[in-house]
Amino acid sequence: MLKNTIKPNNTRPDQQPETLPAQPVSFDQDGFASHDGIVACFCHDTRTLEYIGKAEMWVSKDCGLPAGAVLDAPKLRPAKNKAIIRNKADQCWALIEDYRKMIAYQTSDGAARLLDTLGPIPEGFTLLPYFEGAVWNGKKWIIGAQPIPLVLDPPAATADDPLLALNQKIERLESLLAQVLSETPA
């Protein structure tokens, strides 16, 4: 049967290898490391350029940083509906609009679309929710050009069916409420 044994350390204390403090890695003008070592990097997605976070990476002598890693930390703080990205042209961090995972409504017909890319709201869309019968006036949704009658009594044809008459009254009230809400200053 095998026993757990610890291999004795046969080196004397005066023979222990000396560990020197690691020198910080420096990079030349072409971005190549002066020697092997660990470097604190700030990473971004290589496709969207969005800031991902800080990481420590091993670099070898005469090699550069991996794609999506830079040495300068972002000094910006993300704000509401903003994301930090790497501006490749200026080699710096920048803020960009971020409406991902929000619903935008097409101003031509009110069709909803889930936003899934960084950047401003696409042209022809708004974040203001669409409601049935609304028309976009350039700033907000308003009730269409046809005026809504204030009469809540059903037409004579539906007077025989009380449920249908009640449904039509409810629809008219909802339309009136939507009109009032669209005319209220935001």
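Whatever comes next refers back to the structure up there.
Rules of the game
- Along every chain, residues carry numbers that run from 1 in the direction the sequence is written.
- Local features are withheld for residues below a pLDDT of 70 in this predicted model, meaning they are given only at 70 or higher, and side-chain atom pairs are given and counted only at 80 or more; totals for whole chains, interfaces and linings count all residues.
- Excluding hydrogens and water, the side-chain figures rest on all heavy atoms present in the structure.
- Pairs of strands are assigned from DSSP output, requiring at least two bridges between the strands.
- Secondary structure elements are taken from DSSP: a helix is a run of H or I of four residues or more, a strand is a run of E of two residues or more, and numbering for both begins at the N terminus.
- For this analysis, a ring pair means two rings from Phe, Tyr or Trp (six-membered ring only for Trp) whose centres lie within 6.5 Å, classed as stacked if their planes differ by under 30 degrees, edge-to-face if by over 60, and tilted for the remaining angles.
- Only protein chains enter the calculation, and the probe is 1.4 Å; a residue is then buried if its accessible area is under 20% of its type maximum, exposed if over 50%, and partly exposed in between.
- The term salt bridge refers to a pairing of a side-chain nitrogen on Lys or Arg with a carboxyl oxygen on Asp or Glu at a separation within 4 Å.

S.K.: I'm lost on the sheet that holds strand β2 (residues 51–59) in this one. Help?
M.R.: Hydrogen bonds between backbone groups are what pair the strands of a sheet, and the pairing can be parallel or antiparallel. Across the sheet, three strands lie side by side as β2-β1-β3; this open sheet has antiparallel pairing. Since the sheet does not close on itself, it has two edges, and those belong to β2 and β3 (69–70), each with one partner. Inspection of the sheet shows strand β1 (residues 37–44) paired to β3 by two bridges, in the antiparallel sense. Bridging from a neighbouring strand, Phe42 pairs with Val70 of β3.

S.K.: I keep staring at the packing of aromatic side chains and nothing clicks. Help me out?
M.R.: Describing an aromatic ring pair means giving the distance of the ring centres and the angle of the ring planes. Taken as a whole and assessed by the stated rule, the structure comprises three aromatic pairs. On the basis of an interplanar angle of 80° and a centroid distance of 5.3 Å, the ring pair of Tyr51 and Trp93 is categorised as edge-to-face. Of this pair, Tyr51 sits in strand β2 while Trp93 sits in strand β5 (residues 92–97); the two residues are 42 residues apart in sequence, bridging distant segments of the chain. A relative accessible area of 8% means that Trp93 is categorised as buried. Ring geometry for Trp136 versus Trp141: centroids 5.1 Å apart, planes at 65°, classification edge-to-face. The rings of Tyr130, Trp136 and Trp141 are connected pair by pair, giving a single aromatic cluster.

S.K.: Could you clarify how one ought to interpret the pattern of salt bridges in this entry?
M.R.: For side chains of opposite charge, pairing can occur when their charged atoms come near one another. Throughout the structure, instances matching the rule amount to three salt bridges. The closest approach of N and O atoms between Glu50 and Arg100, which form a salt bridge, is 2.9 Å. Separated by 50 residues along the polypeptide, Glu50 in the loop between β1 and β2 and Arg100 in the loop between β5 and β6 (103–106) bring together distant segments of the chain. Exposure remark for Glu50: the relative accessible area of 22% places this residue in the partly exposed category. A residue is classified by how much of its surface remains accessible, and Arg100, at 27% relative accessible area, is partly exposed. Note that Arg100 is salt-bridged to Asp98, the shortest N-O span being 2.8 Å. What you see here is one network of salt bridges that share partners, running through Glu50, Asp98 and Arg100.

S.K.: Would you mind showing me how to read the sheet that holds strand β8 (residues 125–126) here?
M.R.: The strand order across the open sheet formed by three strands is β7-β6-β8, and the pairing between neighbours is antiparallel. Each edge of the open sheet carries a strand with a single partner, namely β7 (112–114) and β8. Pairing between β6 and β7: three bridges, direction antiparallel. Bridge assignment links Ile103 to a residue of β7, and that residue is Leu114.

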